[in-house]
Amino acid sequence: CAPSYETFLTQHYDNPKSSVGKQYCDVMMKRRGLDKPACKEVNTFIHGTKNNIIAVCTASGGKDYGKGLRISLRPFTVTTCKHKGGSTRPPCKYSDNKSSRYIVIACNQDGKPVHFDESL
Ligand code: C5P
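What counts, and where the lines are drawn
Residues numbered from 1 in each chain as written. Predicted model: local features only at pLDDT ≥ 70, side-chain atom pairs only at ≥ 80, totals over all residues. Heavy atoms only, no water. Pairing = 2+ DSSP bridges. Helix = DSSP H or I, 4+ residues; strand = E, 2+ residues; numbered from the N terminus. Axes fitted to C-alpha atoms, helices over the stretch in contact; angles between N-to-C directions. Contact = heavy atoms within 4.5 Å. Buried < 20%, exposed > 50% of the residue type's maximum accessible area, 1.4 Å probe, protein only. Arc of directions from axis to C-beta. Near = heavy atom within 4 Å. Polar contact = N/O pair within 3.5 Å; in protein donor to acceptor, adjacent residues only side chain to side chain. 1 Å grid on protein atoms, 1.4 Å probe; cavity = no way out; pocket = protein on both sides within 12 Å on 5 of 7 lines; lining within 4 Å. Sits in = over half its atoms within 2 Å of the grid points. Nonpolar A, V, L, I, M, F, W, Y, C, P; charged D, E, K, R; others polar.

Q: Account for the sheet that holds strand 4 (residues 76–83), with residues named and values stated.
A: The strand order across the open sheet built from three strands is 1-4-5, with neighbouring strands paired in antiparallel fashion. Both outer strands of the open sheet, strand 1 (42–46) and strand 5 (94–101), are each paired with one neighbouring strand and no more. Averaged over all adjacent pairs, the angle separating strand axes in this sheet is 25°, with direction ignored. In the packing of helix 2 (residues 24–31) onto the sheet, the strands contacted are strand 1, strand 4 and strand 5, and the crossing angle to strand 5 comes to about 95°.

Q: I'd love a proper account of the sheet that holds strand 7 (residues 113–119), names of residues and values included.
A: The strand order across the open sheet built from four strands is 2-3-6-7, with neighbouring strands paired in antiparallel fashion. Edge positions in the sheet fall to strand 2 (62–66) and strand 7, since each has one partner strand and no second. With strand direction ignored, the average angle separating the axes of adjacent strands in the sheet is 35°. In this sheet, strand 3 (residues 69–72) lies alongside strand 2 in antiparallel orientation, the contact comprising four bridges. Bridge pairing in strand 3 places G66 opposite L69. The strands touched by helix 1 (residues 5–12) within the sheet are strand 6 (103–107) and strand 7, with strand 7 carrying the most contacts at an inclination of about 40°.

Q: Give a detailed account of helix 1, specifying residues and quantitative values.
A: Those residues of helix 1 that sit buried are Y5, F8, L9 and H12. For helix 1, the angular spread of the buried residues around the axis is 100°, confining them to a single face. Residues of helix 1 that are buried sit in contact with strand 1, helix 3 (50–54), strand 6 and strand 7.

Q: Can you explain the site of the ligand? Please cite residues and give values.
A: With respect to spatial proximity, the complete set of residues near the ligand consists of H12, K40, V42, N43, T44, H115, F116 and D117. At a separation of 2.7 Å, a nitrogen atom of the ligand approaches a polar side-chain atom of T44. F116 is positioned with one of its backbone polar atoms (N or O) 3.4 Å from an oxygen atom of the ligand. Given that more than half its atoms are within 2 Å of the pocket grid, the ligand belongs to the largest pocket. The set of elements that each furnish at least two residues to the shell around the ligand consists of strand 1 and strand 7. Looking at the shell around the ligand, its residues break down into two nonpolar, four polar and two charged.

What follows is the structure, encoded as structure tokens:
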């Protein structure tokens, strides 16, 4: 099925950044269901408003980046979670990296983000 905006929000939107104590990624990857059926290898959470993220799909907040992708005109604060350790089965353990980065996303025909590609 086509990727949806709701799924994008579940996987990639967390604003303001949730206060879950240390081990943010371990908690959030489980909370958002990204530990099943196997530990997702890499996942980015964007700490920005929905309006600002949606704007990346428009000329006010983003520009074409080729292959149907858009890159934000301004950096967002993001946390990138990277799976660590050999086992891909839960409980999943992640490293956390919070940084300010330009996000690369795909948008649907309604102008809503549906895919997170990378951050630069
Ligand atoms: O690069 P790859 O196709 O393996 O990425 C698969 C998925 O991993 C992406 O669709 C996205 O959900 C997630 N990802 C991410 N942040 C990155 C790279 C990948 O959230 N920096």
